[in-house]
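Coordinate analysis (summary)
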Amino acid sequence: MSAERELIIWSVAWGDYAYMLQALVSSLRRTGFGGKIVVFCDRPIKEADWRPIDPNIDLDQLQFWKFEYLCKHMAKEPGKNLVFIDSDHYVVRNVSEHLPKLIEDGPWHSFLEGPINTAATRRGDWWGCPNAEFVQMCRDFGVMQKEIRNSNGGFWAIRSEFAETARIVAKEFHEFARKRGHVFPEEVSIAVMSHMFSEDHQVRFADKWPHVWGSEWTGTLQDRVPDGNPWKLVNYMSGETSLVNPAIVHAMRSKSALIALGKSIAGDEVVMAEPQKVNVPSPGVQAAMQSQKPCSACARKRQQMLEAQAKAQLEAAAGKADSSPAPALTPDSITVVDSSTQDSDSAASITAQAEQTEAQQMASSSQKQPSLLDRLKGMIAS
Amino acid sequence: MKPSLYIFQWPSDLGGADTRMRDIVTLCAHDYDITVVPNDEFRLQEKNWTDWMDSLGVKYCMLESLPDKLEGFAFSCCNFRLFTDKERIRGIKSRGLKFIWANDMMWHTEAELAAIRQGLVDVVLYTSQFHADKLHGDVVSARPMQPMRIVKNYIDASHWPMVVRPDRQPVMGKVSRPDTAKFSIDLPMLWQAAAPLWKYDLMGWGDDVADKFSWHTFDSRWKLRPPCSISVKDWHAAVDVFVYNGSFSYIENQSRAVVEAQLSGMPVIAPPKWNFPNMVWHTRTGFLVDDLDSMRAALDSLKSPETRWKMGSLARECALSIWCDERDARREWNSLIAFAAEVR
């Protein structure tokens, strides 16, 4: 119980995700979690410390708002360990014992799922970034661990004193990747931090915690609420399968069932007022969020990523336009910059310019200042 | 009569630019009539430094005290206030001095590039081809015909004697100016992960740096020293292996602290990038590591005092021959000045 007192589970949701959050909170309580649960939501949530959505936090497209909520609202909570859980999770067994252990080995935790750079890796990219390029990006950013794995942004834990650092590092990596032509959602930064802020990052390997957390992304539990029975987990990067029965299920393909469950829990007791107006990023994203199609979370993130990618390219194009005239930018003209080509071009340009400079220097060498130069030549000769 | 060299910078024992300037003054005092011009008048009251300059026959004064017309050369290394306080750069040029500018960092400032664009810098100086490759593109963009030279760093070996270290629980460390960018954000986790049984000694632990790492609980293995809390020589004696772990936030040009550590007989662990491959002979004078496993292996082999002594001794020999050749350095500087004299 004392460990429970030191941690706070928290989440943020709006729209239909609010019903999923209700289902999550109720599952936590039903399985025996007695600690504090803080939720930021556009409608009240039972059995949790409910707070309204902060209208001053931009619900940015790539979900970095999680870090804004963390720093603005959660970092000063009396709890030491803050566990963020996305609303599309469901808990089937008591988690009170497990959660404090996640954060014993450093200030930050997310589960590291599939290998990106080992012989077992089968998938060639993560968020559209080829594995080799991603690994190099991590190295250049400062990740020193040999085996690099992907992670899931839906579940992470942090010591409250680390909140501001996490926010800064997450954004720094995002910016670092953006400059290399990759616009990633927040979970990529989350993965990077789980490597960098671990004395032993293997502690965070998801396959070492099959009893605690698992991400069901292939539809094994399609449209069903997890019920505590084992299910087949497919590793996202390696494709390896295993039978798991984690206490916390990231039920990504069970959204309709979770929404229905959440609505039934909310019942008549909850005053279902008009949802609070939320600053949603764009009509396209809004549509994706409200979609009942399977994998709406992925669709939403993909949409957000594409929008941000296009925005970054437009910004880059606008930046170039400052120095040289550019053709009118149409959607068809937006292409991913081939960084290798760009590098070799700029290298060639620098070489040419350097040669030009050298020629100029040689030419200028013929201009004489005899008195001083003669003295210097004399010094060199001596 | 010696040519006049005006150095717009003040020396100190902390940071690559100031220690470089100190060593250049020592190197060139014999060949040039040197005047040191600080940014701030209070510097002229720093008796340890004015005594040192007096001993070398070097003069010192404020810019305003210089005659309106001068013949000779101006030099400055990383004193960016010359550009932000525009009267300084104008004061150099209006007096007729040829200005040699060394930006030892790996980035430019807007004001610096603006001055280059206006032709106020006669010669841009780099310390290595790597350095020039990184910076000269922007310089050429600002001023296509900008004259440039490469003169490698010179380090006065007389400041850095070989240290005989006792057999003890090994200590890895780093000394730096108190710049947050110099300490990678994962440093405490990384070092503890790489060598949990070692001790760790960091000098340069200013308030900002401490604040950056306020999330970490530093246990008894750590010694966190404020900048200049002891002399670097004494710090060398307290540390067995110098570790430089880089990150995206700071690209190192040429760490003088690394060379100074090598001169004291310390093996160095550094990343296999930037200019480090020119400074660390992998497996002979230290290790170039780019992942945690190789860092662990390097530190494991350096647990042995004999290995540290052997590598450290060779590190000193190499550093002496590469960075501390006074005759070669004087020739390079005289050649640079001759080059500057010819620049129009």
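Here the structure is a predicted model, which is why all the values come from computation and not from measurement. (Residues numbered from 1 in each chain as written. Chains lettered and ligands numbered in written order. Predicted model: local features only at pLDDT ≥ 70, side-chain atom pairs only at ≥ 80, totals over all residues.)

**Notes on the overall build of chain A**
Put simply, the test is: Here a strand is any run of E in DSSP of at least two residues, a helix any run of H or I of at least four, and the numbering for each starts at the N terminus. Each residue is classified by how many other C-beta atoms fall within 10 Å of its C-beta atom, where C-beta atoms are placed from the backbone; a count of 20 or more means buried, 12 or fewer means exposed, and values in between mean partly exposed. It is the C-beta atoms, placed from the backbone, that decide contacts: two residues are in contact if theirs lie within 7 Å.
Each helix and strand counted, chain A has twelve helices and 13 strands in total. Considering chain A as a whole, with its 382 residues, one finds that 42% of them fall into the buried category. Contacts in chain A between residues far apart in sequence, at least 24 positions, make up 76% of those at least 6 positions apart.

**Comments concerning the nonpolar core**
So the rule is basically this: For this entry, the nonpolar core is defined as buried Ala, Val, Leu, Ile, Met, Phe, Trp, Tyr and Cys residues connected by C-beta atoms within 7 Å. Segment limits for the domains were obtained from an automatic or database-derived domain assignment.
Grouped together as the largest cluster of nonpolar side chains are 190 residues, with contacts concentrated most on A:L21, A:V39, B:I7 and B:V268. Per element, the largest residue contribution to this core is nine residues, and it comes from helix α2 (residues 17-30) of chain A. Two domains share this core, each providing at least three of its residues, namely domain 1 (4-154 + 325-342) and domain 2 (157-322) of chain B. If we skip the residues at most four places from it in the chain, A:L21 touches A:S11, A:A13, A:V39, A:C41, A:I45 and A:S87.

**Topic: the domain arrangement of chain B**
Residues and elements named next belong to chain B. Along its sequence, chain B is organised into domain 1 (4-154 + 325-342) and domain 2 (157-322). One C-alpha centre belongs to domain 1, the other to domain 2, and the line joining them spans 29 Å. Domain 1 puts 15 residues into the contact, and the matching count from domain 2 is 13 residues. Of all the elements in the fold, those that place two or more residues in the side of domain 1 that touches domain 2 are α1 (16-28) and α6 (129-142).

**Focus on the pairing of strand β1 (residues 4-7) of chain B**
Residue and element names in this part refer to chain B. Using the following cut-off: Should DSSP find at least two bridges between two strands, the strands are regarded as paired. We call a crossover right-handed when, viewed with the strands running away from us, the connection from the first strand over the helix to the second turns clockwise.
Of the pairings in the sheet, the one linking β1 to strand β2 (residues 33-36) comprises four bridges and is parallel in character. Bridging from a neighbouring strand, Y6 pairs with T35 of β2. What joins β1 to β2 is α1, and the crossover it makes is right-handed. Sheet topology note: the β1/strand β4 (residues 73-77) ladder contains three bridges and is parallel. In the strand pairing of β4, Y6 is matched with A74.

**Points about the sheet that holds strand β3 (residues 49-52) of chain A**
Residues and elements named next belong to chain A. We apply this condition: Helix axes use the C-alpha atoms of the stretch in contact, all axes being lines fitted to C-alpha atoms, and the angles between their N-to-C directions lie in the range 0 to 180 degrees.
A sheet is described by the order of its strands in space; here six strands give the open sequence β3-β2-β1-β4-β9-β6, paired in mixed fashion. In the strand order of this sheet, the two ends are held by β3 and β6 (108-115), each with one partner. Strand-to-strand twist of the sheet, defined as the mean angle between neighbouring strand axes without regard to direction, takes the value 25°. Where strand β1 (residues 7-13) meets strand β4 (residues 81-85), four bridges bridge the pair, whose relative direction is parallel. If you follow L7 over to β4, its bridge partner there is N81.

**Digging into the sheet that holds strand β13 (residues 248-251) of chain A**
All names here are of chain A. Read from one edge of the open sheet, three strands run β5-β13-β10, paired in mixed fashion. A strand with exactly one partner marks an edge of an open sheet, and here the two such strands are β5 (89-91) and β10 (213-216). Taken pair by pair, the neighbouring strands of this sheet meet at an average axis angle of 25°, ignoring direction. Alignment of β5 against β13, held across three bridges, turns out to be antiparallel. Of the residues in β13, the one forming a bridge with V91 is I248.

**Focus: the environment of B:V171**
Residue and element names in this part refer to chain B. Relative to the helices and strands, V171 resides in strand β8 (residues 171-175). Linking V171 and R221, residues 50 residues apart in sequence, is a C-alpha distance of 9.1 Å. The residues contacting V171, other than those within four sequence positions of it, are W198, K199, D201, A238, V239 and D240.

**Some thoughts on helix α11 (residues 292-301) of chain B**
All names here are of chain B. Cut-off, in case you're wondering: Summarising the geometry, the arc corresponds to the directions from the helix axis toward the C-beta atoms.
Listed in full, the buried residues belonging to α11 are L292, M295, A298 and L299. Projected onto a plane normal to the axis of α11, the buried residues spread over an arc of 120° and lie on a single side. Where α11 is buried, its residues contact β8, α7 (187-194), β12 (268-270) and β13 (286-288).

**Let's talk about the confidence of the model for chain B**
This is how the line gets drawn: As a per-residue measure, pLDDT reflects the predictor's confidence and takes values from 0 up to 100.
Averaged over all residues, the pLDDT of chain B equals 95, while 100% of them reach at least 70. Here the prediction assigns the complex a pTM of 0.79, and the interface score ipTM is 0.82.

**Overview of the packing of helix α3 (residues 65-74) of chain A against helix α6 (residues 163-179) of chain A**
Residues and elements named next belong to chain A. Threshold: These descriptions rest on fixed angle ranges, namely under 35 degrees for roughly parallel, over 145 for roughly antiparallel, 65 to 115 for roughly perpendicular, and the rest for oblique. The sense of a crossing depends on the near helix, which, turned anticlockwise from the far helix by less than a right angle, makes the crossing left-handed and, turned clockwise, makes it right-handed. In this classification, the charged set is Asp, Glu, Lys and Arg, the nonpolar set is Ala, Val, Leu, Ile, Met, Phe, Trp, Tyr, Cys and Pro, and all remaining amino acids, among them Gly, are polar.
Relative to each other, α3 and α6 sit at 160°, their axes nearing to 9 Å. Judged on the interaxial angle alone, α6 and α3 are roughly antiparallel. Taken as a pair, α3 and α6 cross one another with a handedness that is left-handed. Contact residues: α3 offers F67, L70, C71 and M74, while α6 offers A163, E164, A166, R167 and A170. Of the residues belonging to the contact of α3 with α6, the class tally is seven nonpolar, no polar and two charged.

**Some details on the environment of B:E326**
All names here are of chain B. Examined against the element boundaries, E326 turns out to sit in helix α13 (residues 326-342). Look at E326 and you get partly exposed, because 15 C-beta atoms sit within 10 Å. Linking E326 and N79, residues 247 residues apart in sequence, is a C-alpha distance of 25 Å.

**Quick look at α3(A)**
The complete set of buried residues in α3(A) reads A:W65, A:K66, A:F67, A:Y69, A:L70 and A:M74. Buried residues along α3(A) sit in contact with β1, β2 (36-41), β4, α6 and α7 (186-196) of chain A.

**Digging into the environment of B:W222**
Following the sequence through the fold, B:W222 ends up in strand β10 (residues 222-225). Residues B:W222 and B:E252, 30 residues apart in the sequence, show an inter-C-alpha distance of 24 Å.

**Concerning unusual backbone geometry**
Residues and elements named next belong to chain B. Of note, C228 is a non-glycine position whose phi angle comes to about 60°, a positive value. Along the chain, the position of C228 falls in the loop between β10 and α9 (232-238). Assessed through the 16 C-beta atoms surrounding it within 10 Å, C228 is described here as partly exposed. Positive phi outside glycine occurs at T283, with the angle close to 75°. Structurally, T283 is set in the loop between β12 and β13. Under the C-beta neighbour-count criterion, T283 is labelled exposed, with 11 such atoms within 10 Å.

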